[in-house]
Structures are given as structure tokens and as C-alpha cells.
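Structural overview for review
For reference, the chains in residue letters:
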Amino acid sequence: GLVGVLQCMPENYPDRHLFVEQFQQMSSTIAAIQGPDGLWHTGLLDPASYPFPENSGSAFFTYALAWGINNQLLDATVYTPVVTKAWKGLLLHIYSDGRFGSIQSVADAPGKFKPTSSYVYGVGAFLLAGSEVDRLAMNQSVVSSPVSRK
């Protein structure tokens, strides 16, 4: 949500720095609780409470972190490895039939879901993440970019 606000907020808005600081603090916290597979679970502070990563949220986090790097709000040396790991994790959930899975359904509370669960908003989040990760790869002149540009 902060990415959308910051994209629309004028650079000279008097309190913009407060929004940037909040974005940076939230980014730091999310990066610190990234799972070993590069993704995040529904229970952010208790990943064991849900057996599978939740990929709509993981994709939105990946999008926001890549956007922060691309817009010089996050340190690329710190956050590019986080984005790279997340992107690789997300790619593992594209199944042979082309579906993007491990997406929790819309509900009034967190619920159980299967690795095969797929919903359009999760696919949309994945596409947003992919577009920003691709932009990151194009902007970086390092050998180990988050995506291959083949």
C-alpha cells in the first residue's frame, strides 16, 4: 500500500519523509522474517502455523522491496539478495499447467489452503512482482541479477 501512496505523493510533500521512513522500517522487518525458501507464510510471526508459504503476500512483498530498490529508497546491497531469494521461491510455485499456486482464498480470517490453490489476485501480485524484478535486473549491472533476461 505504501508503494502506491509514495508513487502518487509529490516529492515535495511536507511529510513525505515520514512515509518513506515507515516504508523502510516495514521493509526491514519483512526482510528479517523471510523464510528459508524466500517466501512468507500467512502467520508472519509464526510461520509454522501454516504449512505452506502464502504467495499473494509473498509476491506483494517482493514487488514492494524491488520497487524500493528501483526508486533508491532501499539499499540495493541489503535488499537485492532478499528480492532474489523471494523471486526464486515464487517461481517454484508455477506448476506444469501454468497456474501460480499456494495462494490463500479471500476470507475474513486466515485459513488453510493447498499448494494448488490459485486465485487471480495472487497472479496479479506475481505479475507486479515480476515487472519490478525485471526492472531491477535491467537497472543492475551485476552478473547475478534476480532474473535471467533470456
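Above: the structure in question.
Presented here is a report on the structure given in the accompanying data block. (Residues numbered from 1 in each chain as written. Predicted model: local features only at pLDDT ≥ 70, side-chain atom pairs only at ≥ 80, totals over all residues. Heavy atoms only, no water.)

With that settled, the discussion passes to the pattern of salt bridges. Scanning all chains against the criterion turns up three salt bridges. As a salt-bridge pair, E11 and R16 come within 3.4 Å of each other at their nearest N and O atoms. You can call R16 buried: its relative accessible area is 9%. One salt bridge connects E132 with R135, and the closest N-O pair in it is separated by 2.4 Å. Of this pair, E132 and R135 both sit in helix α5 (residues 120-139), three residues apart, which is roughly one turn of that helix. The exposure class assigned to E132 is buried, which follows from its relative accessible area of 6%. (Salt bridge = Lys/Arg side-chain N within 4 Å of Asp/Glu carboxyl O. Buried < 20%, exposed > 50% of the residue type's maximum accessible area, 1.4 Å probe, protein only. Helix = DSSP H or I, 4+ residues; strand = E, 2+ residues; numbered from the N terminus.)

This part is about the nonpolar core. In this structure, F23, L65, W67, V83 and L90 are the most contacted members of the largest nonpolar core, which totals 31 residues. Residue assignment for this core shows that the elements contributing at least two residues are α1 (2-8), α2 (16-32), α3 (55-70), α4 (76-91) and α5. Of the residues forming this core, the biggest block, seven residues, is contributed by α3. (Core = buried A, V, L, I, M, F, W, Y, C linked by side-chain atoms within 4.5 Å.)

On to the packing of aromatic side chains, then. Summed over all chains, the structure comprises six aromatic pairs. Pairing W40 with F61 gives two aromatic rings, centres 5.2 Å apart and planes at 75 degrees, and the pair type is edge-to-face. Of the two residues, W40 sits in the loop between α2 and α3 while F61 sits in helix α3, which places them 21 residues apart along the sequence. Here W40 falls in the buried class, since its relative accessible area comes to 2%. With a relative accessible area of 24%, F61 lands in the partly exposed category. Aromatic pair Y119 and Y121: ring centres 5.9 Å apart, planes at 5 degrees, arrangement stacked. Owing to a relative accessible area of 33%, Y119 belongs among the partly exposed residues under this scheme. Given the relative accessible area of 28%, Y121 is considered partly exposed. A connected cluster of aromatic rings, assembled from ring pairs, spans W87, F100 and F126. (Phe/Tyr/Trp six-rings, centres within 6.5 Å; stacked < 30°, edge-to-face > 60°.)

Within the chain, Q72 stands out as a residue other than glycine whose phi angle is a positive 55 degrees. Here Q72 is to be found in the loop between α3 and α4. For S102, which is not glycine, the phi torsion reads 60 degrees and is therefore positive. You can see S102 is positioned in the loop between α4 and α5.

Our next topic: α3. Spanning 16 residues, α3 covers 22 Å between terminal C-alpha atoms, matching the ideal 22 Å at 1.5 Å per step. Within α3, 14 of the 16 residues are buried, which leaves it mostly tucked inside the rest of the structure. Q72 occupies a position one or two residues after α3 and carries a positive phi of about 55 degrees. (Expected span 1.5 Å × (residues − 1).)

These figures capture arrangement, not role.
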